[in-house]
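What the coordinates show
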Amino acid sequence: MSLTETTRLISLTGGEGDQEAIRLAARLLKSGKLVAFPTETVYGLGADGLNAAAVACIFAVKGRPQDNPLILHVDTIRRAKSLAGRFDERAQALADAFWPGPLTLVLPKGEAVPALCSAGLPSVAVRMPAHPVALRLIREADTPLAAPSANLSGRPSPTTAAHCMEDLKGRIPLILDGGPCKVGLESTVLSLLDDGPRLLRPGAVTLEQLEKVAGPVKLDPAVLSKPDDTAPAVSPGMKYKHYAPRARLILVRGDRDAFLRFINTKKQPGVFALVYDEDAADAALPCLTLGSRQKPEAWAAALFAALRRLDELGAAVVYAPSPSPEGMGLAVYNRLIRAAAYNEVNAQ
Ligand code: TXA
Ligand code: MG
C-alpha cells in the first residue's frame, strides 16, 4: 500500500456543530473512500458496505486476510433487516434488548451484501453501534457501513483517534475524533445461524445478559482456547493471532499473593507487569495499572491502550494476571489470552 493520502483529523463533540464534518465523511464514503470513526467499542474503519470496490479497499489498507469477514453497521432495525436473509423473533428480541450497543448478530446473508464483505460465507454480521457520531454518519451516508477495527491487522484495536492515526496515517483521507471509546473492547459477536445461539467473541454484552434474552447460548471453543488449525473456523477472525503487542505477554494464574510473589522474582530490564490498582504498591517491577480487580470494565477500557504503551516503552516481556472469566471478565480474558498467544502459567 503506497502512502499517498493526506489524512485529516477532525475533532467532534457529539453536538449539532459536528454536522459539517459528518457530511464531509458521508460524501467521502459515498465516493468509495474510507473514513475512521468512533464507536462505543473501538474505532471503526468504515466503507460503504454495499460498494464491493470500497470494501476491497478495507482489506488492502488494513492488510487483512480476505477470508476474514466484516461487520455491517446500521442505524435502524429496518436497515439491518435489509441485509439479512432472515431476521427472526430471537434476532428481534436481542436487537430490542441490546441495540444500539456492543452486540453483533451473525445472521443468514441477504442478497444485497457483497460476497467480499462476508468473505464468501452464507452469513452476515450486523450491529447497531451506540455512539452518536457513528449513528449520524450511517444515517447521513444512507448506507450500511462495513467497518472492522481501524488498526493495521495484528495490532491492538484503536480506542482513540491517535491510535488510528498511528496505524493509518497516509492510508485514508479522514479520521473523525470522538474521544476515547467507552467500552474499549470490540463488540460481542453472537451467531444466530441454524445450530442456535453461539458466542463467537465475548464483549460488553455478556453471556449472562444474552442468556436472559435468548435462552441457552453455546460458547464457541475458540473463546477460551487455541482454535484447532485443522478444523474450519466458525468465526474466521478467531484463527488469527490478534491484539499482539511486540512484547511477549504471559498470563499468570493464581491469587493476589501468588501473582505478586511470582512476578517479583522476574525483575530484569525490559520486564513489565500489568497489575490491578490494589496490587501496584507491592509490585517490584515497572508496571501499568488498568483498574481495580473488582472492575473488569476498567480493564476493558484501558487494555488496548496499555498494549500500545508497552510497545512504546520497549517492553520485552510482560506479565499480567489471568482475570476471572465471568461477566465482562470473559471478554478481557479472551483478548489477553490471544495477545499472549495462549501463554499462561500457574503461580499457585
Ligand atoms: O466492536 C466492533 O465489533 C468493532 C467496531 C468497529 O464496530 N468492529 C470490529 O470488527 O471489531 P473486526 O472486523 O475487527 O471484527 C469482526 C469479527 C471478526 O472476528 C470476524 O471474523 C467476525 O466478526 N465476523 C464477521 N462476519 C462474520 C460472519 N459472517 N460469521 C462469523 N464471524 C463473522
Ligand atoms: Mg479487529
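A brief look at the structure comes next.

Parameters at a glance
- Residues numbered from 1 in each chain as written.
- Chains lettered and ligands numbered in written order.
- Predicted model: local features only at pLDDT ≥ 70, side-chain atom pairs only at ≥ 80, totals over all residues.
- Heavy atoms only, no water.
- Pairing = 2+ DSSP bridges.
- Helix = DSSP H or I, 4+ residues; strand = E, 2+ residues; numbered from the N terminus.
- Contact = heavy atoms within 4.5 Å.
- Axes fitted to C-alpha atoms, helices over the stretch in contact; angles between N-to-C directions.
- Phe/Tyr/Trp six-rings, centres within 6.5 Å; stacked < 30°, edge-to-face > 60°.
- Buried < 20%, exposed > 50% of the residue type's maximum accessible area, 1.4 Å probe, protein only.
- Lys NZ or Arg CZ within 6 Å of the ring centre and 35° of its normal.
- Core = buried A, V, L, I, M, F, W, Y, C linked by side-chain atoms within 4.5 Å.

Attention shifts here to the sheet that holds strand β2 (residues 35-37). Read across the sheet, 11 strands follow the order β1-β8-β2-β3-β7-β4-β6-β5-β9-β10-β11 without closing on themselves; strand pairing throughout is mixed. With partners counted over all chains shown, the strands left at the sheet margins are β1 (8-11) and β11 (218-219), one partner each. Pairing analysis gives two bridges linking strand β3 (residues 44-48) to strand β7 (residues 145-146), with the strands arranged antiparallel. Looking at the pairing, A47 lines up with A146 of β7. Here helix α1 (residues 19-30) sits on the sheet in contact with β1, β2, β3, β7 and β8 (174-177), set at roughly 145° to β8.

This next bit is on the packing of aromatic side chains. One pass over the full model with this rule turns up three aromatic pairs. Between F87 and W99, the aromatic rings sit 6.4 Å apart at their centres with planes inclined by 50°, giving tilted as the arrangement. Remark: W99 occurs in the loop between α4 (89-98) and β5 (103-108) and F87 occurs in the loop between α3 (77-83) and α4; sequence separation between them is 12 residues. Here F87 and W99 have matching classes, each one buried. With a centroid separation of 5.8 Å and an interplanar angle of 75°, the aromatic rings of F262 and Y319 are classed as edge-to-face. With F262 in helix α8 (residues 256-263) and Y319 in strand β15 (residues 317-321), this pair connects stretches of sequence that are 57 residues apart. The ring centre of F262 lies 4.7 Å from the NZ or CZ of K266, which sits over that ring.

Omega for the peptide link from W99 to P100 comes to -10°, which places this bond in the cis form. Turning to its location among the elements, P100 is positioned in the loop between α4 and β5. Positive phi is not limited to glycine here, since D142 has a value of about 55°. Within the secondary structure, D142 is located in the loop between α5 (132-141) and β7. Positive phi is not limited to glycine here, since Y342 has a value of about 65°. When you line up the elements, Y342 lands in the loop between α10 (329-339) and β16 (344-346). By relative accessible area, which is 24% here, Y342 ends up partly exposed.

Within the open sheet, the five strands sit side by side as β14-β13-β15-β12-β16. Their pairing is parallel. The open sheet has two edge strands, β14 (287-289) and β16, and neither has a second partner. In this sheet, adjacent strand axes meet at a mean angle of 25° when their direction is disregarded. Across three bridges, strand β13 (residues 271-275) lies against β14 in parallel orientation. Each residue of the ladder has a partner; that of V275, found in β14, is T289. Of the strands in this sheet, β12 (248-253), β15 and β16 are in contact with α10, which crosses β12 at around 130°.

Core analysis: the largest hydrophobic core is formed by 49 residues, its most contacted members being L94, W99, L103, L105 and L210. Sorting the residues of this core by element identifies β3, α2 (52-62), α3, α4, β5, β6 (123-127), α6 (161-168) and α7 (207-214) as the ones contributing at least two each. Counting residues per element, this core draws most heavily on α2, which supplies five residues. Dropping the residues within four chain positions of it, L105 is found in contact with A91, L94, W99, V124, A125, V126, L190 and L192. Core analysis: the next-biggest nonpolar cluster, separate from the first, contains 29 residues, V42, L274, A306 and M328 among them.

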